Amino acid sequence: MKAKPIWFLVFCLGPWGGAQAVCIADTIIIDGQPLELELDILQGQADAEGPGLEPDRTIGKTRKWKGQGPDVLLGFGAGVAVQPQNAKGEHLARFLGKGARPLPTLRAAMEWRNGPSFFRLQGAVDLSTDWAFDATALDDSIYGLAADGAGGLEQWISRTYELGIELDTLPLPVAQYTVTSGMLGFNFGGSRSKRAFQGGDFRWWAGFHYRMTRSSRGASDVNRVASSGLPSAADVTGNARQDWDPAQHGALGIQAGASGRLGHPNWHWLLVGQWTAGSQSRWAMTAGLGCRLRQSRR
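Rules used throughout
Residues numbered from 1 in each chain as written. Predicted model: local features only at pLDDT ≥ 70, side-chain atom pairs only at ≥ 80, totals over all residues. Heavy atoms only, no water. Pairing = 2+ DSSP bridges. Helix = DSSP H or I, 4+ residues; strand = E, 2+ residues; numbered from the N terminus. Buried < 20%, exposed > 50% of the residue type's maximum accessible area, 1.4 Å probe, protein only. Polar contact = N/O pair within 3.5 Å; in protein donor to acceptor, adjacent residues only side chain to side chain. Contact = heavy atoms within 4.5 Å. Phe/Tyr/Trp six-rings, centres within 6.5 Å; stacked < 30°, edge-to-face > 60°. Lys NZ or Arg CZ within 6 Å of the ring centre and 35° of its normal.

Asks: Can you help me understand the pairing of strand E17 (residues 282-294) in this one?
Replies: Consecutive residues of a regular strand have side chains that alternate between opposite faces of the sheet. Pairing analysis gives ten bridges linking strand E16 (residues 267-276) to E17, with the strands arranged antiparallel. Counterpart to Val272 in the pairing with E17 is Thr286. Between E16 and E17, which follow one another and run antiparallel, lie five residues, and Gly278 among them has a positive phi close to 95 degrees.

Asks: Sorry if this is basic, but what is going on with the side chain of Ser141 here?
Replies: Its place among the elements puts Ser141 in the loop between strand E7 (117-134) and strand E8 (142-147). For Ser141, a relative accessible area of 19% gives the class buried. At 2.5 Å, the side chain of Ser141 and the side chain of Asp139 are in polar contact. In this view, Ser141 contacts Trp156, Ile157, Ser158 and Arg159; residues no more than four positions away in its chain are not counted.

Asks: Is there a simple way to explain the packing of aromatic side chains in this structure?
Replies: If you walk through the whole model with that rule in mind, you get six aromatic pairs. Ring centres 5.1 Å apart and planes at 50 degrees place the aromatic pair Phe119 and Phe188 in the tilted group. Taken as a pair, Phe119 in strand E7 and Phe188 in strand E11 (residues 174-192) lie far apart in primary sequence, 69 residues in all. Owing to a relative accessible area of 26%, Phe119 belongs among the partly exposed residues under this scheme. Site record: aromatic cluster; members linked through ring pairs are Trp112, Phe119 and Phe188. Over the ring of Phe118 we find Arg203, and its NZ or CZ is 5.2 Å from the ring centre. Over the ring of Trp244 we find Arg217, and its NZ or CZ is 5.2 Å from the ring centre.

Right, here's the structure in full:
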């Protein structure tokens, strides 16, 4: 009689225990034959998250440009400019031994920053003086030009007489004229924080520019000495001369620069180098100061 409660519990719990066994087991009985599914849920989840099948967590998200700007910069400085020799001849300033000429410059720029990198749209205006001789003063019997050693120019002439040939020198008037040029440049650059560079942020950039030049020379003002050493005749003016550059000229070029922060956070020193191509090619180097007038929040 004592065994009846035990059999009663087995009888009552049997269906529940069997149902639980069916739920836990991965085997289904069909027509008395076991059908093994061999499903491994954990393995399936691991495979779904394996290499190449990782869920895309960026769906529904948009990437935003984290750049800052534009900052507004203004700079001023001075430097020197040199025009090398080309097919038309040597520039008169170099022929006279005057060397590089002063070049005051005013700059303005807008800068967009993205971390340590930035894009800069820059404009500049510079003013300089140059030298030219008056072609109307050329003698018909000229056979050469030479510097007089005092910053001027002289022409060598030869005249033929019945008694022989006379060689002589005549002064050739030389005068200064102004040259104004404007430049628009596109630059990409980078920066280093003040932790890596003592004294403040250090920046560098490089890019392209277009330079437009306008001079006050007249049609008879010649700013070059022809490669042959002999200028065109006095009655030839303007573009018809072999030793004459147009008074207006535009050309592309490259530039590079660097700047470093001074004592005040908004002030910095500037150093810029340029080369302009074309028939009036020019090398220029300027140094000066700059100020960041408007600065976006970091």
